[in-house]
Amino acid sequence: MDAQSSAKVNTRKRRKEAPGPNGATEEDGIPLKMPRCAIGLRQPAPFSDEIEEDFSKPYVRVTMEEASRGTPCERPVRVYADGIFDLFHSGHARALMQAKNLFPNTYLIVGVCSDELTHNFKGFTVMNENERYDAVQHCRYVDEVVRNAPWTLTPEFLAEHRIDFVAHDDIPYSSAGSDDVYKHIKEAEFVCVLGLGMFAPTQRTEGISTSDIITRIVRDYDVYARRNLQRGYTAKELNVSFINEKKYHLQERVDKVKKKVKDVEEKSKEFVQKVEEKSIDLIQKWEEKSREFIGSFLEMFGPEGALKHMLKEGKGRMLQAISPKQSPSSSPTRERSPSPSFRWPFSGKTSPPSSPANLSRHKAAAYDISEDEED
């Protein structure tokens with residue numbers, strides 16, 4: 001026992017020291033992952049009538065304080081839990097897990113009531129007693145199974161199986177004309193007879209019970225009937241009439257058509273969504289390209305575009321090419337030499353000398369003629 005407790009302490013220390021995922025520790029409130037472990041039971045729990053008991057040693061109950069403190073390995077605390085366990089579910093498993101973990105060294109004995117007692121005091125069950133025995137046998141927390149367990153616990157039964165504590169939830173269990181079948185165990189008179197307190201309460205798992213599961217099946221009876229018809233069960237096996245059978249088959253066909261229509265609608269929605277996405281992408285690309293085109297067009301043909309500058313440059317070059325070059329102002333001017341007076345070739349004789357006025361008139365006319373010739 002000391003080795004077990006020291007091992008637990010060591011594992012706790014290692015968990016606190018070793019960081020978890022992303023550097024998290026226990027103090028951060030994030031549950032640390034447990035190492036993978038292949039330890040498990042390979043055999044189902046045995047039945048009580050198949051176990052050989054050693055009655056040579058006297059039976060002495062342990063107190064709650066002794067059980068909580070820990071008992072030797074050869075003397076585990078024997079805890080008893082009973083029930084119907086019809087349609088064995090997680091609520092049953094959690095209750096047995098709590099009973100198993102009540103004390104450090106616990107030997108869990110589970111009693112399962114027979115069909116006769118259950119049908120008389122509670123009602124009809126879905127699973128028969130052998131199926132319920134087998135389901136409890138294969139629960140990992142169970143060490144021993146008592147078949148045909150009594151509906152009400154007696155001192156003789158508790159002494160026969162050497163039970164130290166009885167585990168059950170605290171809610172009164174009314175049945176067999178009693179407000180609570182565990183009332184006599186909880187009361188002080190019974191405690192005084194057997195010693196200190198025997199009742200160890202556990203917590204009930206909310207939201208799951210055998211009655212809840214049956215309610216779900218009854219509520220959705222048509223769904224499960226159609227399901228089993230699909231899986232090959234006959235209408236006779238399901239206690240379904242001929243008309244209901246045909247109705248279920250028709251409903252199944254209608255549901256298939258609805259499913260196909262729904263699939264087509266979903267695919268069409270996906271297609272439309274893809275088309276919309278592509279169209280949005282095309283519009284965005286077209287807008288970007290149009291902006292680029294307009295920008296380049298304005299750069300080329302705008303009021304201050306490249307074409308205007310090109311035209312201006314070309315016009316300037318053309319004007320420079322067309323206009324004559326001006327002579328430099330510093331070049332010397334050429335002086336005209338007076339041209340000789342014009343004479344008619346057929347005039348052989350010299351003209352007689354004229355008067356001074358006529359002479360000046362002749363000189364002026366000759367000067368004009370020489371200018372005309374020069375031009």
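Residues numbered from 1 in each chain as written. Predicted model: local features only at pLDDT ≥ 70, side-chain atom pairs only at ≥ 80, totals over all residues. Heavy atoms only, no water.

For the chain, an unreviewed UniProt entry supplies the name choline-phosphate cytidylyltransferase and the organism Equus caballus. UniProt lists a comment for the chain under the heading Sequence similarities (unreviewed entry), and it reads "Belongs to the cytidylyltransferase family." (UniProt positions renumbered as here; feature names shortened; annotations may be inferred.)

**Student:** Whenever I open this one, the overall build of the chain confuses me. Can you help?
**Tutor:** Helices and strands together make up the secondary structure of the chain, namely 13 helices and five strands. The buried share among the 375 residues of the chain stands at 24%. Taking the contacts inside the chain whose residues are at least 6 apart along the sequence as the reference set, 69% of them involve residues at least 24 apart. With an accessible surface of roughly 28700 Å², the chain has 56% of that area assigned to carbon and sulfur atoms. (Helix = DSSP H or I, 4+ residues; strand = E, 2+ residues; numbered from the N terminus. Buried < 20%, exposed > 50% of the residue type's maximum accessible area, 1.4 Å probe, protein only. Contact = heavy atoms within 4.5 Å. Areas by Shrake-Rupley, 256 points an atom, 1.4 Å probe, with all protein chains shown as cover.)

**Student:** Looking at this structure, I do not really get the side chain of His92. What am I missing?
**Tutor:** The residue His92 is located in helix α3 (residues 90–100) in this model. Residue classification places His92 among the buried residues on the basis of a relative accessible area of 14%. The residues contacting His92, other than those within four sequence positions of it, are Phe85, Asp86, Leu87 and Thr210.

**Student:** Explain a nonpolar patch on the surface to me, please; I cannot follow it from the model alone.
**Tutor:** Together, Phe293, Ile294, Phe297, Leu298, Met300, Phe301 and Met310 give the surface a local cluster of nonpolar side chains, amounting to about 730 Å² of exposed area. Among the elements that take part in the nonpolar patch, helix α11 (residues 242–301) stands out by supplying six residues, more than any other. Locating Phe293 in the fold gives a position in helix α11. The class of Phe293 is exposed, set by a relative accessible area of 57%. (Patch = residues over 30% accessible without salt bridge, like charges linked within 9 Å, V, L, I, M, F, W, Y side chains within 5 Å. Salt bridge = Lys/Arg side-chain N within 4 Å of Asp/Glu carboxyl O.)

**Student:** Just checking my understanding: could you explain α11 for this structure?
**Tutor:** Since the α-helix turns once every 3.6 residues, residues separated by three or four places project in the same direction. Here α11 spans 87 Å end to end across 60 residues, near enough to the 88 Å set by a 1.5 Å rise per residue. Every buried residue belonging to α11 is among Tyr248, Glu252 and Ser290, and all of these are buried. Contacts from the buried residues of α11 go to α10 (221–230). (Expected span 1.5 Å × (residues − 1).)

**Student:** Sorry if this is basic, but what is going on with the pairing of strand β1 (residues 77–83) here?
**Tutor:** The side chains of a regular strand alternate, first on one face of the sheet and then on the other. The buried count for β1 comes to seven of seven residues, which makes it a mostly enclosed element. Judged by which residues are buried, β1 turns out to be covered on both faces: Val77, Val79, Ala81 and Gly83 on one side and Arg78, Tyr80 and Asp82 on the other are all buried. Summarising the sheet, β1 and strand β2 (residues 106–112) pair through seven bridges and their orientation is parallel. Its bridge partner lying in β2, Val79 is registered against Leu108. (Pairing = 2+ DSSP bridges.)

**Student:** What is the right way to read the UniProt feature "coiled-coil region" (unreviewed entry) in the chain from this model?
**Tutor:** Here the UniProt-annotated "coiled-coil region" (unreviewed entry) positions come out as residues 247–274. For residues 247–274, helix accounts for 100% and strand for 0%, while the C-alpha atoms at its two ends are 40 Å apart.

**Student:** Can you help me understand the nonpolar core in this one?
**Tutor:** Proteins that are soluble and globular tend to have nonpolar side chains buried together. Counting 21 residues, the largest nonpolar core has Val79, Leu96 and Val142 as the members making the most contacts within it. Contributing elements (two or more residues each) for this core: β1, α3, β2, α5 (129–137) and β4 (165–169). Setting aside residues up to four positions removed in sequence, Val79 forms contacts with Ala99, Leu102, Phe103, Thr106, Tyr107, Leu108, Ile109, Phe165 and Ala167. (Core = buried A, V, L, I, M, F, W, Y, C linked by side-chain atoms within 4.5 Å.)

**Student:** Looking at this structure, how should I read the environment of Glu160?
**Tutor:** Relative to the helices and strands, Glu160 resides in helix α6 (residues 155–160). Along the backbone, Glu160 and Phe55 are 105 residues apart, and their C-alpha atoms lie at a distance of 9.8 Å.

**Student:** What am I meant to see in the pattern of salt bridges here?
**Tutor:** In a structure, side chains of opposite charge can pair up when their charged atoms sit close to one another. Using the criterion set out here, one finds 12 salt bridges in the structure. Lys100 is paired through a salt bridge with Asp143; the nearest N and O atoms lie 2.5 Å apart. Linking Lys100 in helix α3 with Asp143 in the loop between α5 and β3 (144–147), this pair joins segments that are 43 residues apart in sequence. In this structure Lys100 comes out as partly exposed when scored by relative accessible area, which is 21%. Under the relative-accessibility criterion, Asp143 is labelled partly exposed at 21%. Here Glu252 ties to Arg226 by a salt bridge, and the two come within 3.5 Å at their closest N and O atoms. Taken together, the residues Glu252 in helix α11 and Arg226 in helix α10 connect sequence positions 26 residues apart.

**Student:** Help me understand the sheet that holds β4, please; the structure alone is not making it clear to me.
**Tutor:** Backbone-to-backbone hydrogen bonds pair the strands of a sheet. The strands run either parallel or antiparallel. Overall, parallel pairing links the five strands, which are arranged β3-β2-β1-β4-β5 in an open sheet. Because the sheet does not close on itself, it has two edges, and the strands there are β3 and β5 (199–202). Averaged over neighbouring strand pairs, the angle between their axes works out to 30° when direction is ignored. Looking at chain direction, β1 and β4 are connected through two bridges and run parallel. Across the sheet, the residue bridging to Val79 is Phe165, located in β4. Strand contacts of α5: β2 and β3, with the helix running at about 165° to β2, the strand carrying the most contacts. (Axes fitted to C-alpha atoms, helices over the stretch in contact; angles between N-to-C directions.)

**Student:** Looking at this structure, I do not really get a positive patch on the surface. What am I missing?
**Tutor:** A cluster of basic residues, Lys246, Arg253, Lys256 and Lys260, forms a positive patch at the surface. On the secondary structure map, Lys260 appears in helix α11. (Lys, Arg positive; Asp, Glu negative; His and termini not counted. Charge placed at Lys NZ, Arg CZ, Asp CG, Glu CD.)

**Student:** Looking at this structure, how should I read a negative patch on the surface?
**Tutor:** Together, Asp263, Glu265, Glu266 and Glu270 give the surface a local cluster of negative charge. Note that Glu266 resides in helix α11. Under the relative-accessibility criterion, Glu266 is labelled partly exposed at 40%.

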